[in-house]
Amino acid sequence: MGEEPNDARPEPADRIPGGDASHQNQNQNQSQSQNPQQGQAQGQGQNPAPPDPRAAPSPEAPPWAPVRPAAAPGTPAAPPPPERPPATPTLAFGPPPQASGQPAGQPSGQQSGPPPGESSGAVPVGAGAAAPDYSYGYPRSGPATAPGYGPPPGYGPPGYGPPGYGPPPGHGAQPPAQPPGPANPAQAAAIGLLNLSGLGLGYVLLRNWIGAVLCWLATAALLVVALPADVDGVPVGVLVGYGVFLLAAAADGFRRGLRATLRIGAAFRRLALPLALVLLAVPAGGSLAYGAARDEAKEQALLARLTTADERVKSGQGLLFERAEPLYRLALATYQDLGTKHAGSRAGKLVPARLDAYYEQLSAPYAKKDYCEAVAPLTHLRGLSGAVDKDLLGTRPAKTDEPLAESLYECGTAALGVQAADPPAEKSLNALLDTFPESDHATRVEPAVRAAVKTRSTAVDGATPCEAVVELRTIRTTVGALPGADFDGAARETSTAIEKGDFACGTSQFRSKDFDDAVTTMTQFAKDHPSSPKAAHARSIAIAAEIADEEAEAGKALPPAKAPGGSRMVMVVSNDGPGSVELLYTGPTTGRITLNACATCTKYPNPIFEGSKKIKACTGPSSKYPKATLLLPAGNYHFLQKRAGTGTSSAGDTKTSKAKIEPGYSYTNCLYVTSGF
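Read on for an overview of the structure.

What counts and how
Residues numbered from 1 in each chain as written. Predicted model: local features only at pLDDT ≥ 70, side-chain atom pairs only at ≥ 80, totals over all residues. Heavy atoms only, no water. Helix = DSSP H or I, 4+ residues; strand = E, 2+ residues; numbered from the N terminus. Expected span 1.5 Å × (residues − 1). Buried < 20%, exposed > 50% of the residue type's maximum accessible area, 1.4 Å probe, protein only. Contact = heavy atoms within 4.5 Å. Pairing = 2+ DSSP bridges. Axes fitted to C-alpha atoms, helices over the stretch in contact; angles between N-to-C directions. Salt bridge = Lys/Arg side-chain N within 4 Å of Asp/Glu carboxyl O. Core = buried A, V, L, I, M, F, W, Y, C linked by side-chain atoms within 4.5 Å.

## Things to note about helix H20 (residues 515-528)
Move 1: Compared with the 20 Å implied by 1.5 Å per residue over 14 residues, the 20 Å span of H20 between its first and last C-alpha is a close match.
Move 2: Of all the residues in H20, the buried ones are Phe515, Ala518, Val519, Thr521, Met522, Phe525 and Ala526.
Move 3: Where H20 is buried, its residues touch helix H19 (488-511) and helix H21 (535-550).

## Regarding the sheet that holds strand S8 (residues 667-672)
Move 1: Spatial ordering of the open sheet is given by S5-S1-S8, a layout of 3 strands whose pairing is mixed. Across the chains shown, the open sheet's two edge strands, defined by having one partner strand only, are strand S5 (627-633) and S8. Taken over all neighbouring pairs, the strand axes of this sheet differ in orientation by 25 degrees on average, direction set aside.
Move 2: In this sheet, S8 lies alongside strand S1 (residues 568-576) in parallel orientation, the contact comprising 6 bridges.

## Side note on the pattern of salt bridges
Move 1: Evaluation of the coordinates by the stated rule reveals 18 salt bridges.
Move 2: Close ionic contact of Lys341 with Asp337 constitutes a salt bridge, the shortest N to O distance being 3.6 Å.
Move 3: Its relative accessible area of 65% is what places Lys341 among the exposed residues.
Move 4: Here Arg456 makes a salt bridge to Glu471, at a shortest N to O gap of 2.7 Å. Note that Arg456 is positioned in helix H17 (residues 445-459) and Glu471 in helix H18 (residues 465-481), a separation of 15 residues in sequence.
Move 5: Residue class for Glu471 comes out partly exposed when judged on its relative accessible area of 28%.
Move 6: Salt bridges here are not isolated pairs; linked through shared partners, they connect Glu546, Glu582, Arg592 and Lys642.

## Some points on the sheet that holds strand S6 (residues 635-643)
Move 1: With antiparallel pairing, 4 strands are arranged side by side in an open sheet as S3-S2-S6-S7. Looking at strand neighbours, the two that pair on one side only are strand S3 (591-595) and strand S7 (653-661), the edges of this open sheet. Ignoring strand direction, the axes of neighbouring strands in this sheet form an average angle of 20 degrees.
Move 2: For strand S2 (residues 581-586) and S6, the ladder comprises 6 bridges, and the chain directions are antiparallel. Across the sheet, Val581 pairs through a bridge with Arg643, a residue of S6.
Move 3: Contacting S2, S3, S6 and S7, H21 crosses the sheet at an angle of about 100 degrees to S2.

## Considering the nonpolar core
A general tendency of soluble globular proteins is for nonpolar side chains to be buried together.
Move 1: Counting 58 residues, the largest nonpolar core has Tyr335, Tyr358, Leu384, Leu432, Val445 and Val449 as its most contacted members.
Move 2: Per element, the largest residue contribution to this core is 7 residues, and it comes from helix H9 (residues 321-340).
Move 3: Here Tyr335 is in contact with Leu306, Ala309, Asp310, Val313, Val351, Arg354, Leu355 and Leu392, once residues within four sequence places are set aside.
Move 4: Phe503, Ala518, Ala538 and Ala548 belong to the second largest nonpolar core, which has 18 residues in total.

In structure tokens:
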């Protein structure tokens, strides 16, 4: 009783249900009895001490329950432990024990907890300490120190219940969780970098297969979107999303690998970080390879555009420039884009050669001396300096000046006098004079016009004067459209040539029996050139042609330009018919007179209806009939009367007659009208 209590904590006994005598004996000297009397009674075989009045009687402990070891004989009893608040024993399962008849959670006068003299809290079973009370309020028999009902020691999951419960380490199917190791930043950085490569190798080292599969799927999806490489590349959203995913995987790998224990050798651990750095070349190399593939795709696309432009230029061959120009414009736009914006590409480096071929193709008509056809493409080529990059074109537009000036000159002068020329001469010559006023070709225009006029003026004396005069009129139109006073002389020469040509054309038509055309030509000549010395002769030819158109014999020869000399005979002409009458005559002299209408004159019946009775016209008083007097040289004459329309006659009534005028006679000519009614 005078000894100090033993404060050493009992070592946990092997957790074997029912207890083991050998183990109990081994711990006997180290156990601390909470009730010295009970320990002595059990250890020495003496009568047990009276039960604790606070404990309810319980049935006898089962045979498998652990047995509390008895105290050694002669061991003084330990003093009772200090008072502590009652504690509920920790059980393997179920609620804490309650006193019989006492509701759970309700206070009572009987304090729950261990009996006086026993320590509170969980005490390991089989370690010499009093076992918890598992009687759940039922009276039990035996000493108060006998172990109560409940699960065997160590029953339940690890860590459940008081210390000493549960299976020993290494026992059972599930090992106990290992505590996290110390922080390893190098290892965490290696795992993060391995994940940053996009291959998920950091997760592989951590045996995190879900994370690894996610990395593989993300990388595979990126490859599906990116391959094959095209000009547009990968959408920015896809790249940003993949980059964010890699950063998240790297951060997650760093977090997981900071205190993780890797199942790899020490040598491989030392290589993990360098390997992670090396594997960063995988995305970098992939990016470079993809960039190279995309650059090649761009090159191929640019080459395809160049090929399309070449085909457009080639398709313009053989077409009129006006129809092919839209194709040429599209091709030029492509050449300019490739040669300026993509000058360093393979296609851009081929643009200068393509431009040389372009100029050569459009200059082909000039090389063939088809000057009029060459004007439009050469003008187009010269004007490219204002539509295409000047650095790209270089000196090519300036090289077209001389060919264009020559083409304009040759095309314009070739069109002089050509009525149906397209373009007309004045268009080409004006373009030459406006665009290249100081060129040698511009100074040659005025002499060329005069030469053309002289050539046509000579031609009017030939076999085709009418064609020559038409050309002269066309030249006159051209000269009138040319600027400046340099062409005034050419204009005068042209007018003189046209006057000569018109008269020559009319006489040619008369001789060719084209009397109707001769009438028109000579009548117009007399109107256009009233002061010409040939105007009177032209009018005579027109009258003779008009009579000859009704009486061909009158057109056997041209009327003389001048009337013959000698005596002249008088011919008095009277109008004995309704309406005015115009009398045309031709012979040694040619002329025309007009007689007024006879107010009281009527038509005479046709002789066939009067029994061939002779018509006695102009037999009335002389003053009744309108009269005109002609002085005619001797000779044969053809007459044509053209009576104006009246109520009883239609306009255009004509009648031809002829007469022979002899010297020393005077003649009368009565004009009348017959009718069949």
